[in-house]
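# Architecture at a glance
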Amino acid sequence: MRILVRYFFRGLRVLLAPIMLISEKLSTPQAVKRSPEEQARVDEACNSLALYQFRTCPFCIKVRKEMARLGLTIEKRDAQLDPDHKKALQEGGGRVKVPCLKIAHDDGREEWLYESDEINRWLHQRFG
């Protein structure tokens, strides 16, 4: 019975994944307008950030939409398909859970934010 349930949900994910990705593309908001100098400062600040994600995770999509709305060029790391990113997420953050925003501070400290609402709140406070 477990195998049947597992394959049912895997099949469901396979069917829904393209719909979720198309929906994301169609509903992604326009980026905020900034001066070129201000956008360059934002891009520089984004160099210390990385988003660990799965492409079809609804919570990851929520964070990517906020990133698009704020005009952020944060590196996206696929922890589902790339074993190196999955390992880095496990070792650095302590668990493989997405979305996860890795923040590298100037003093060498790393901070790992795991909840989509918490990530969006932090992004909005920092760049909004």
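Residues numbered from 1 in each chain as written. Predicted model: local features only at pLDDT ≥ 70, side-chain atom pairs only at ≥ 80, totals over all residues. Heavy atoms only, no water.

## Let's talk about helix 2 (residues 36-46)
- What helix 2 keeps buried is the set Val42, Ala45 and Cys46. Down the axis of helix 2, the sector holding all buried residues measures 105°, keeping them to one side. Those residues of helix 2 that are exposed and angled more than 90 degrees off the buried face are Pro36, Glu37, Arg41 and Glu44.
- Residues of helix 2 that are buried sit in contact with strand 1 (49-53) and helix 5 (116-127). (Buried < 20%, exposed > 50% of the residue type's maximum accessible area, 1.4 Å probe, protein only. Helix = DSSP H or I, 4+ residues; strand = E, 2+ residues; numbered from the N terminus. Arc of directions from axis to C-beta. Contact = heavy atoms within 4.5 Å.)

## Considerations on the UniProt feature "domain: GST N-terminal" (unreviewed entry) in the chain
- UniProt feature "domain: GST N-terminal" (unreviewed entry): in the numbering of this structure it lies at residues 47-128.
- As a span, residues 47-128 carries 44% helix and 22% strand, and end to end its C-alpha atoms are 17 Å apart. (UniProt positions renumbered as here; feature names shortened; annotations may be inferred.)

## Some words on the nonpolar core
- One finds Met67, Leu72, Ile74, Leu101, Leu123 and Phe127 to be the most contacted residues of the largest nonpolar core, which totals 16 residues.
- If you list the elements that add at least two residues to this core, you get helix 2, strand 1, helix 3 (58-70), strand 3 (100-104) and helix 5.
- Residues contacting leucine 72, with those up to four places away along its chain left out, are Arg34, Val42, Cys46, Met67, Leu123 and Phe127.
- With 10 residues, the next largest nonpolar core counts Cys57, Cys60, Ala79 and Cys100 among its residues. (Core = buried A, V, L, I, M, F, W, Y, C linked by side-chain atoms within 4.5 Å.)

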